[in-house]
Amino acid sequence: MRLNEDERAHDLAPLLQNGWTHDADRDAISKVYAFKNFIDAFGFMTRTAIWAEKYKHHPEWSNVWNKVDVTLTTHDHDGLTELDVKLARKMDALAG
């Protein structure tokens, strides 16, 4: 189920303060993570992939050298759900 207005206000605010941006047209959140090098960026993606599989929720992402560009939205619900918030929080923790 898509996030309601109260959930959006409560759940998205901390993410937006931590570098995530909201794309209202897609109802998605995005962030670019920058790491020391390619190995660190790829390691982050590997750790995230393990959690994404556990959550059964997968990011749209790309990697160029030390940067990982991430977009989260729940395609089955045409917008943001608690799964997106959960994975965003996990990704922030994994990025350290």
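Structure shown above.
Note that the structure is predicted; figures quoted are calculated from it, not measured. Residue numbers here run from 1 along each chain, matching the order of that chain's written sequence. Only residues with pLDDT of 70 or above have their local features reported here, since the model is predicted, and side-chain atom pairs are shown and tallied only from 80 upward, although totals for entire chains, interfaces and linings are computed over all residues. Only hydrogens and water are removed before side-chain values are computed, so all heavy atoms of the structure are retained for them.

Q: Report on the packing of helix 1 (residues 5-17) against helix 3 (residues 82-95), specifying residues and quantitative values.
A: To get an axis, a line is fitted to the C-alpha atoms, and for a helix only the part in contact is used. The angle between two axes follows their N-to-C directions and goes from 0 to 180 degrees. Think of it this way: any DSSP run of H or I at least four residues long counts as a helix, any run of E at least two long counts as a strand, and we number them from the N terminus. Where helix 1 contacts helix 3, the axes come no closer than 11 Å and their chain directions differ by 30°. Taken together, the axes of helix 1 and helix 3 lie roughly parallel to each other. Note that helix 1 runs across helix 3; the crossing there is left-handed. Taking contact as the criterion, the partners of Asp 11, Leu 12 and Leu 15 in helix 1 are, on helix 3, Glu 82, Val 85, Ala 88, Arg 89 and Asp 92. Residue classes in the contact of helix 1 with helix 3 are distributed as four nonpolar, no polar and four charged. Here roughly perpendicular refers to angles of 65 to 115 degrees, roughly parallel to angles under 35, roughly antiparallel to angles over 145, and oblique to all remaining angles. The sense of a crossing depends on the near helix, which, turned anticlockwise from the far helix by less than a right angle, makes the crossing left-handed and, turned clockwise, makes it right-handed. What makes two residues a contact is simply this: any of their non-hydrogen atoms within 4.5 Å. Side-chain classes are defined by residue name, with Ala, Val, Leu, Ile, Met, Phe, Trp, Tyr, Cys and Pro counting as nonpolar, Asp, Glu, Lys and Arg as charged, and the others, Gly among them, as polar.

Q: Before we move on, could you go through the pattern of salt bridges and cite the residues and values that matter?
A: Think of a salt bridge as a Lys or Arg side-chain nitrogen and an Asp or Glu carboxyl oxygen that are within 4 Å of each other. Throughout the structure, instances matching the rule amount to six salt bridges. One salt bridge in this structure joins Arg 8 and Asp 27, with 2.7 Å as the shortest N-O distance. Of this pair, Arg 8 sits in helix 1 while Asp 27 sits in the loop between strand 1 (21-23) and strand 2 (28-34), and the two are 19 residues apart along the sequence. You can call Asp 27 buried: its relative accessible area is 6%. Of the charged contacts in the structure, one is a salt bridge between Arg 89 and Asp 11, with a shortest N-O distance of 3.5 Å. Note that Arg 89 is positioned in helix 3 and Asp 11 in helix 1, a separation of 78 residues in sequence. One salt-bridge network, in which partners are shared between bridges, spans Arg 2, Arg 8 and Asp 27. The buried label applies to any residue whose accessible area, calculated with a 1.4 Å probe on protein chains only, is under 20% of its type's maximum; exposed applies above 50%, and partly exposed to all values in between.

Q: Outline the sheet that holds strand 1, listing residues and values.
A: Two strands are counted as paired when DSSP detects at least two bridges linking them. One open sheet accounts for four strands, arranged 1-2-4-3; its pairing is antiparallel. Since the sheet does not close on itself, it has two edges, and those belong to strand 1 and strand 3 (60-64), each with one partner. Within the sheet, the average angular offset between the axes of one strand and its neighbour, ignoring direction, is 20°. Here helix 3 sits on the sheet and contacts strand 2, strand 3 and strand 4 (67-72); the angle it forms with strand 2, its principal contact strand, is near 10°.

Q: Break down the packing of helix 2 (residues 38-55) against helix 3 for me, with residues and values.
A: Between helix 2 and helix 3, the least distance of the axes is 10 Å, while the angle of their chain directions is 150°. Taken as axis vectors, helix 2 and helix 3 run roughly antiparallel relative to one another. In terms of crossing hand, the pair formed by helix 2 and helix 3 is right-handed. Contacts between helix 2 and helix 3 pair Phe 44, Arg 47, Thr 48, Trp 51, Ala 52 and Tyr 55 from the former with Leu 83, Lys 86, Leu 87, Lys 90, Met 91, Leu 94 and Ala 95 from the latter. Across the contact of helix 2 with helix 3, the residue classes tally to nine nonpolar, one polar and three charged.

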